[in-house]
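Take a look at the letters that make up each chain.
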Amino acid sequence: MSFFGLDCVRKREREEERRLKANDRDYNLSFKYATNAIKTSKYNAITFLPLNLFEQFQRIANAYFLFLLVLQVIPAISSLSWFTTVVPLILVLFVTAAKDAIDDINRHRSDKKVNNRKVQVLINGELRSEKWLDVQVGDIIKLENNQFVTADLLLLSSSEPLNLVYIETAELDGETNLKVKQALTVTGDMGDSVTALAAFNGEVRCEPPNNRLDRFTGTLSFAGQKYPLDNEKVLLRGCTLRNTEWCFGLVIFGGQETKLMQNCGKTTFKRTSIDRLMNQLVLCIFGFLAIMCAILAIGNYIWELEEGSKFTVFLPREEGVDAAFSSFLTFWSYVIILNTVVPISLYVSVEIIRLGNSFFIEWDRKMYYERSDTPAEARTTTLNEELGQIKYIFSDKTGTLTQNIMTFNKCSINAKSYGDVIDYSGQRLEITEDMESVDFSFNPLADPKFQFYDHSLVEAVKLENTEVHAFFRLLALCHTVMAEEKNEGDLHYQAQSPDEGALVTAARNFGFVFRSRTPESVTIVEMGTQRVYELLAILDFNNVRKRMSVIVRSPEGKLCLYCKGADTIIYERLHQSCSKLMDVTTEHLNEFAGDGLRTLALAYKDLDEAYFKEWKQRHHEASTALEDREEKLDKLSEEIEKDLMLLGATAIEDKLQDGVAHTIEQLAKADIKIWVLTGDKQETAENIGYSCNMLREEMNEVFIVAAHSPEAVREELRKARTTMKPGAEDTFVSKTILGNTPKIVADETVSGEYGLVINGHSLAYALEPSMEVEFLRTACMCKTIICCRVTPLQKAQVVELVKRYKRAVTLAIGDGANDVSMIKAAHIGVGISGQEGMQAVLASDYSFAQFRFLQRLLLVHGRWSYLRMCKFLRYFFYKNFTFTLVHFWYAFFCGFSAQTVYNEWFITLFNLVYTALPVLGMSLFDQDVSDSWSFEYPQLYVPGQLNLYFSKTAFAKCVLHSCYCSLVLFFIPYGAMYDTVRDDGRDVADYQSFAVLAQTCLLIAVCIQLGLDMSYWTVVNHVFVWGSLTMYFVVTFTMYSNGMYLVFTASFPFIGSARNSLQQLNVWLTILLTSILCVLPVLTYRFLLIQLQPTINDRVRLKVLQAKAAPPPPRRRTRIRRTSTRRSGYAFSHVQGYGDLVTSRRYLHRPAKPRSSGFTPTGRSLVFNPTGRSAGYSPTGHNQSPKQEVEATSLQMYRTRDMSF
C-alpha cells in the first residue's frame, strides 16, 4: 500500500497468461498475483486528511475563501477581521469531512466483514480455517452447502455423483434458478481425500483476469496429460453453493482480479449539474469582481491625483505611498469588501438545505415498506436536486421491476377456462388478498405458499375429470426439475427456469406431485397413489424449438409423448381433429395474453410400441453421429412431435412489484426514458416489457437485434433507423468545453412509437467505438429499449455511453451485485432492498424497498428539491449582489477609499442572522403544488430536465435585477438624506444615519422579495421572516445604544444613530418608496409573463386555485390491462436445457430413500380410488379419434371486462 492508500507497487507488465501450480505457494507468489482481500474504501487514517482536503479544495469557492483568508491577514489591505472568513471556512470543511469520514467508515466495515469470512484451506496436508483475505492463488479450498464462493475457483471434486455442483448466480446475473457445473473426471476421482488433494500438483494455464462472466479458457496439466478447461468447470466469486454437501476448488483469481470485482465500477465522486454550473458561475463572478475592483482602483488613482493632494495637510500619506501604490492597495481592499458576492455562507446554507431535504426523504411514510420494515434512505446528501432533473433511467429487471416470483395464475383445459372468480351474475371479480383461496388441505404434499382462487378447478380434480387429470399429469412429467426432500413430505424443487418450477408446483397442489427422478424414471404421486413412469426420452427445449417433450411408459405399459411449448409452435403440430378445441383455446390464450400472462400450450400423443422402438434406434444413431448431429436430431423430433392432441394451455404471472406499470406510465408522462438492462433471457425480458406496458401491441414495430457479427449488428441498427426515419443523416451538436469538442447526439423526432430489444452478444459489438454512436442514435429514436443477457460491465458501459453523448442526467436502479457497476456509473444510483443481498444498496446514493417509490422520489422529492435549490440560488445571488453593489456605487462618493456603506456589525450579521433563516425556511419547506397535484400532472417535472429554473440565463437576470435594486437602494436614500434636516431643524444627513437608512431599506426589500418568491407559507416561514426583521431592529437599537458605546467604545461607534433616524417620518417614507421601486418591476414582469407566456407551473397552480386548494380526485388504482394478441409467454432457456443431463445416467442426486406416498388418511382427507379414471392407461382415458367432437363452450363468463384506466 502506498502512503495515499493506493497500490503503489510497481505495476507489473500486462499479464498475457496466468500460470499457477496447485499447493505451491512459493511458485505462485513469484508472480505477485493479487491476494483475496478486497478494498472499496477511499481513505485510511493517514491519507484521510490530505486526500479529503485535496478533494474539497477542488471546489473553486473553497480555494477562493482560502485566498481571501491570506489577504485578510495582511494589515495594509485588510478592512475586515480575519476570523470572519476562517471560522465559516473551517466549519464547511469540517462538516463535509465528517460526512465523508462516516461514509468511508461504513465501507471499511463492509470490507472487513467480507475479508474476515472463514473458509477451509488445504495447507501442509490439512484443512485449516482461514480468513478470506489470507487465501492465495493456487490454494485448494473446501466449500460447504449454502456458502459463498470465496474466489474464482477451478472445480476439482464434489459430493454429488459425477462431480456435479449446483450454484446460484443471483449476485452475478440476477437469476435465482440454479446452474450446474461439473469437474473433470481426473480431479473428481480425488473426492474428499485430503491426502490425494494435498498431493495434487496440477498446473493451470489460463486467460489473464478479465470481466467476461460467460467465458473462460485454459488448460490443466496433470500426470503428463493436458485437459481443456471452460466456463462449466469454474465457480465464480459471488455465487452460492446450493444442494451440494461439499466441493473442493483451486483458486485461480483472487480479490480484485476476480470476475465479480472486475465488473464492479470504481467509486467516483459524484457532483450535481448545479454544482458544476456553480463552479462556472463562480469563475464568472471572480471575473466580475476583478473588473469592479479594477474600476475602483483606477478611480482611486485618478482621485488621488486630482483630489487626494488637498487632504495631505491633515491626512499625510505614509512614506513611499503614491497614487499608483494607493490604487494597488485599494484593489485588494475592495476584493475583501466586495467578496460577499460569493459569501461562504452560501455553501453552508447549501449543505443544510441538502441535509434537510435528505431527512424529508427518510421521514416520508409513503416510501416506507411495512412488510419488510424498510424505510427510504438517502445515503448521500449531495445529490438531492439532481433527482429533479433525471432524463434517463436504467433499470434492472429481476427483483427490481419484478418480484422474481412466478405463479400459476390461470389455465384452459378442454375448452374451459379456469382461474377467474365469477359472481352469481356471471361477472368476473377482481382477485384481492382478502378473497378466500382454494383449500388444499386434502393434499398433505401441497405447497402451503401456493394460492389459487377458482374453486371449480379443484372440484374438477376431485371429481376425477379425465382431461383435468391428464393436464396435470403432463405438468408433473414433462420437465427437467430436480426434487429434494430432506424430511418426509417437505419437497423443494430446483428448476432451470422459474416457469417450470411454477408449473410443477401447480401440479403438485392439484394432486399430481412430482416426487423424484432417476435417469430412467420419474416418480409422481397421483391423487394419493405413487406411480413410477419409465423415462424413455427427453426432447429438450431451446430458443429454436420453443417446446419440450418427454416420452414415458406408464406403469400399465402404455407409451405416451407429452409436449409443452409456445402455442404457435404446438398448433402447427396438432391433429386435425383438434380444430374446434384449438379455436376455443385460442380465445382463452388471447384473454390470458391481454392480462400480460406468460402462456404455454400443452399436448400429448399415444405412441405405437413398434414405431417407437424403430424411432429410438434412429435417435441413438443420430445422437452419436459425428457430422450434422443437431440437424439429424431436430428432424427426428419433428417426425415424432406431430399429430398431437391438444389438452389446453397454462398462464403464468411473472409477478411485477406493486405499482410498477403505473410508475412507468407516470415517469413516461414526465418525459423520462426508461432503459431495461437485464442479465435475463430475451424472452423473459420481452414478457416483462409487455407486462409493465413498456412494450405495447400498438407500437409501430419492436426491433430485435440478435446478430453475432459486427457487420450484421450494424446492418440491423441501420435498418431499424431507416424504418423509423427514412433518409436519417448523422446528426451531432458540437459543444466546445475547455478546448475539447465532444460529440453531442441530438434528439431526433420520429413519427410513431418503436421499441428496441438487443441481446448481450449484439450489444458487445454495438458498444465498440466505431458503432456506439450509431447504436445510441437508433436507441434514442425508440420509446422503449430493453438490453438482455448483458454483463454487469456492459450495464455500466451503456450508462457511460448515454452520459458521454447526451446532455442529460442519468439514474440507475437495481437490487443485486450485478447492478453495482451500473449504479456507480450513473449520476445517481438507487438500490432496491430486495432478495439479492445488500451490495446494490451499499453502492447506491438512495435506497428503498419497492420500485414504485421511485416516482415519489423523483416527481415529489426530486422536483421539490430542485425547485427549492434553484429558488435559493436565485434569491441568494440577488440578495448578495444587491448587498455588495451598494458598496460599488458608494465608492464614487467616498473617494474610492474602501470605506463600507454599512456598519461592520451589520456586514457580519447580514448573512449569518438577518437573512439566513428566512431563505432556509423557503429552501426547506417551499412547494409550488402539493404531492398529489405533482402526481396528477407529471409534466411538472419537465422544466427540471431542461434546466429552466436555474441556468446561466437565470443568473444573468439575477445580476441585472440586483444592479437595478442596488441603484435604487443607494440613490433613493442618498437623495432623501441629502441636505435633509430633522423635524427640530437638526441635520440628519450624516454618514451613520445614512448607513442605518440604507441597511434598513436593504433588509426590508430583500424580505419582500423573499415573500414574492415563496409559494407555500408555513408557520415556520412566518416565524423566520418576521422573527428576522424583529431581530434586526432589536439588535440595531441595542448595538447603537448609549450603554454599548460606554462599555465597548471602539466596537460600537454608532451611538444613537438608530433613534435619530428611525424616529423620522421621512425615513419611513423613504423605506416605503425604496421597497415599492424594488419590487414593482418584478411584479410587472411576472404578471406579463403569466398572461402572455404561462408555464406549466402557472397553469397547474391556476387549477389548484380554481379547485380551492382541494386535493385532486383520488387516482383509480385499477390494474393496467393491455389488450393484446401477443402470446409468447414461456421463457425458454438461452442455452440447451437439462434434458441430456437427466437422461445421460449422470444422475444429479443420490437415489431417494423408499418412502410412503405421502397421502395419509386424515379426518379431512379424501380417499381416492387408485384404479379409477385418474389411473387410466391413456392420458384421456379413451382412444384417440379423428372424429372426436368438442363441446362448444360459451366464453362470455370468462371474458375480461373492459376497464378504462
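Residues numbered from 1 in each chain as written. Predicted model: local features only at pLDDT ≥ 70, side-chain atom pairs only at ≥ 80, totals over all residues. Heavy atoms only, no water.

### As for the confidence of the model for the protein
Under the convention used in this document: Every residue gets a pLDDT, meaning the predictor's confidence in that residue, from 0 to 100. Residue contacts are defined here by distance: any two heavy atoms, one from each residue, within 4.5 Å place the two residues in contact.
Summarising the model, the protein shows a mean pLDDT of 82, and 84% of its residues fall at 70 or more. The low-confidence segment residues 1117-1123, where pLDDT is below 50, has 23 contacts with residues more than four positions distant or belonging to other chains. Of the regions scoring below 50 in pLDDT, residues 1128-1135 engages in 41 contacts with residues more than four places distant in sequence or in other chains.

### A word on the side chain of Arg517
As a reminder, the rule being used: Comment: elements are numbered from the N terminus, with helices defined as DSSP H or I runs of at least four residues and strands as E runs of at least two. Accessibility here uses a 1.4 Å probe with only protein chains present; expressed as a share of the type maximum, an area under 20% marks a residue as buried, one over 50% as exposed, and anything in between as partly exposed. Just so you know, the count uses Lys and Arg for positive and Asp and Glu for negative, and it drops His and the chain ends. A carboxyl oxygen of Asp or Glu within 4 Å of a side-chain nitrogen of Lys or Arg is what we treat as a salt bridge. The term polar contact refers here to a pair of N or O atoms within 3.5 Å; inside protein, the definition further demands a hydrogen-donor-capable atom paired with an acceptor-capable atom, and it admits residues adjacent in sequence only when both atoms are side-chain atoms.
Summarising the element assignment, Arg517 is placed in strand 22 (residues 512-517). The charged side chain of Arg517 is buried without a salt bridge, its nearest counter-charge being Glu500 at 7.2 Å. Polar contacts involving the side chain of Arg517 include one to the main-chain carbonyl oxygen of His479, which spans 2.9 Å. From its side chain, Arg517 meets the backbone oxygen of Val481 in a polar contact 3.0 Å long.

### Some words on the sheet that holds strand 6 (residues 164-168)
To keep it simple, the criterion reads: For two strands to be treated as a pair, DSSP must find at least two bridges joining them. Think of each axis as a best-fit line through the C-alpha atoms, taken over the contacting stretch in the case of a helix, with angles from 0 to 180 degrees between the N-to-C directions.
The strand order 7-6-12 describes an open sheet built from three strands, whose pairing is antiparallel. On the outer flanks of this sheet lie strand 7 (178-182) and strand 12 (240-242), each paired with one strand and no other. The sheet shows a mean angle of 45 degrees between the axes of neighbouring strands, taken without regard to direction. Examined bridge by bridge, strand 6 and strand 12 share three bridges and lie antiparallel to one another. Bridging from a neighbouring strand, Glu168 pairs with Thr240 of strand 12.

### Digging into the packing of aromatic side chains
Which entries qualify depends on this criterion: Centres within 6.5 Å are what make two rings of Phe, Tyr or Trp a pair, Trp counting through its six-membered ring; a difference in plane orientation under 30 degrees is then read as stacked, over 60 as edge-to-face, and the rest as tilted. A ring has a charge above it when a Lys NZ or an Arg CZ is no more than 6 Å from the ring centre and no more than 35 degrees off the ring normal.
In the structure shown here, the tally under the stated rule is 59 aromatic pairs. An angle of 85 degrees between the planes, with centres 5.2 Å apart, marks the rings of Phe471 and Phe472 as edge-to-face. Of the residues examined, Phe472 reaches a relative accessible area of 0% and is grouped as buried. Lying over the aromatic face of Trp132, Arg117 brings its terminal NZ or CZ to 5.0 Å of the ring centre.

### Considerations on the pairing of strand 36 (residues 828-832)
It is a general feature of regular strands that their side chains alternate between the two faces of the sheet. For strand 36, the buried fraction is high: five of the five residues fall into the buried class. What you see with strand 36 is no split at all: Ile828, Val830 and Ile832 on one side and Gly829 and Gly831 on the other are buried throughout. Pairing of strand 35 (residues 809-814) with strand 36 involves four bridges; the strand directions are parallel. Across the sheet, residue Ala812 finds its bridge partner in strand 36, namely Gly829. As defined by bridge partners, strand 36 adjoins strand 37 (residues 846-848) across three bridges and the pair is classed as parallel. Across the sheet, Gly831 pairs through a bridge with Ser847, a residue of strand 37.

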